[in-house]
Amino acid sequence: MRRREFINKTGLGLSALGLTGMSSLSAYANEKGAADMFFKISLAEWSLHKALFDGKLDHLDFAKKTKEDFGISNVEYVNQFFKDKAEDKSYLDEMNMRAKDLGVNQLIIMVDGEGGLAELDDATRNQAVENHYKWVEAAQYLGCHSIRVNAFGTGSAKEVEKAAVQGLGALATFAKDYDINVIVENHGGYSSDGKWLSGVMDKIDMDNCGTLPDFGNFCVKREGGQPWGGECIEEYDKYKGVKELMPHAKAVSAKSYLFNDEGDEVGIDFMRMMKIVKDAGYTGYV
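Residues numbered from 1 in each chain as written. Predicted model: local features only at pLDDT ≥ 70, side-chain atom pairs only at ≥ 80, totals over all residues. Heavy atoms only, no water.

1. Looking at the packing of helix 5 (residues 89-102) against helix 7 (residues 133-142)
At a minimum axis distance of 10 Å, the contact between helix 5 and helix 7 shows a crossing angle of 40 degrees. Taken together, the axis directions place helix 5 and helix 7 in an arrangement best described as oblique. The way helix 5 lies across helix 7 gives a crossing that is right-handed. Counted together, Lys89, Leu92, Asp93, Met95 and Asn96 of helix 5 and Ala138, Tyr141 and Leu142 of helix 7 form the full contact between these two elements. Split into classes, the residues belonging to the contact of helix 5 with helix 7 amount to 5 nonpolar, 1 polar and 2 charged. (Axes fitted to C-alpha atoms, helices over the stretch in contact; angles between N-to-C directions. Helix = DSSP H or I, 4+ residues; strand = E, 2+ residues; numbered from the N terminus. Parallel < 35°, antiparallel > 145°, perpendicular 65-115°, else oblique. Left-handed = near helix turned anticlockwise from the far one by under 90°. Contact = heavy atoms within 4.5 Å. Nonpolar A, V, L, I, M, F, W, Y, C, P; charged D, E, K, R; others polar.)

2. Considering helix 4 (residues 62-70)
Within the span of helix 4, buried status applies to Phe62, Ala63, Thr66 and Phe70. Burial along helix 4 is one-sided: seen end-on, the buried residues are contained in an arc of 110 degrees. Remark: Gly71 follows helix 4 within two positions and exhibits a positive phi of approximately 70 degrees. (Buried < 20%, exposed > 50% of the residue type's maximum accessible area, 1.4 Å probe, protein only. Arc of directions from axis to C-beta.)

3. Quick notes on the sheet that holds strand 1 (residues 43-44)
Spatially, 6 strands are ordered 1-2-3-4-5-6 in an open sheet, and the strand pairing comes out parallel. Either end of the sheet is taken by a strand with one partner, and the two such strands are strand 1 and strand 6 (209-212). Note: strand 3 (residues 105-110) against strand 4 (residues 146-149), 3 bridges, orientation parallel. What sits directly across from Ile109, in strand 4, is Ile147. Helix-sheet contacts for helix 7 involve strand 2 (74-78), strand 3 and strand 4, and the interaxial angle to strand 3 is about 170 degrees. Its contacts with the sheet place helix 8 (residues 157-176) against strand 4, strand 5 (181-185) and strand 6, and it is angled at close to 145 degrees to strand 5. (Pairing = 2+ DSSP bridges.)

4. Description of the confidence of the model for the protein chain
This prediction gives the protein chain a mean pLDDT of 89; 87% of its residues lie at or above 70. Low confidence marks residues 6-28, where pLDDT is under 50. Its contacts with residues over four positions away, or in another chain, come to 53 contacts. (pLDDT = per-residue confidence, 0-100.)

5. A word on the pattern of salt bridges
Following the criterion strictly, the structure yields 15 salt bridges and no others. Here Asp88 ties to Lys85 by a salt bridge, and the two come within 3.9 Å at their closest N and O atoms. One salt bridge in this structure joins Arg98 and Glu94, with 2.7 Å as the shortest N-O distance. With a gap of 4 residues between them, Arg98 and Glu94 both fall in helix 5, about one helical turn apart. Looking at Arg98, the relative accessible area reads 27%, which means it is partly exposed. Counted as one network, the salt bridges with shared partners bring together Asp61, Glu94 and Arg98. (Salt bridge = Lys/Arg side-chain N within 4 Å of Asp/Glu carboxyl O.)

Structure follows, in structure tokens:
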């Protein structure tokens, strides 16, 4: 499917979500107007992770680059790029000031490196829950609606499911007082099994605990047994997985890897994915 046909059928140039086509997306969005779209566009900071890790882009300039280079007014942060600043109010004030001056909305903090919220050992899991408290508070301070967390744990599917219900439930209970959602991405291991993760959400059954379906990241088994770091040897059906996670979705990640000359993602059928998103009644940020 060519770009023009895709745009005509969806009402938005989603194939332009790749950075190579971001300017096309911005121009089309301005031409059509937000009222004609069934969802809103945001940019996840991980999209620019190479520039950030290489020091070519500073975290504090991410909102500016998003708005001025790509014409997008909504950002989703990754805690790795301001990891020691969660409790630094002066730094968070600077983030708030820059975002406000630019007219940029700060939506999510994606949290990594704070421990698995589905670890079987009670003490280890509880420590992970507490490690996330500061990010809940930072998210509220920045005006975000959610933090994205990981439901990692080692054990059988049933054991990790029970631990995930406990860990995520405890964190969501804490976050409720801050009006912050705790959302889980399919991010490797059991969490990349759509049926498993949706089952965890059903058992938690809290309004502020949900999912962040990602169009990629559906590797359920890697060499070495870790969620990340080895070659994928078993992958969950990505379309089935997104469909299973959408009823609990509070955000959607339109993951992309490689584009052809027409600007279309070659490994993921975006038309099919966005039909799944739309059919679920989702009208939030992608």
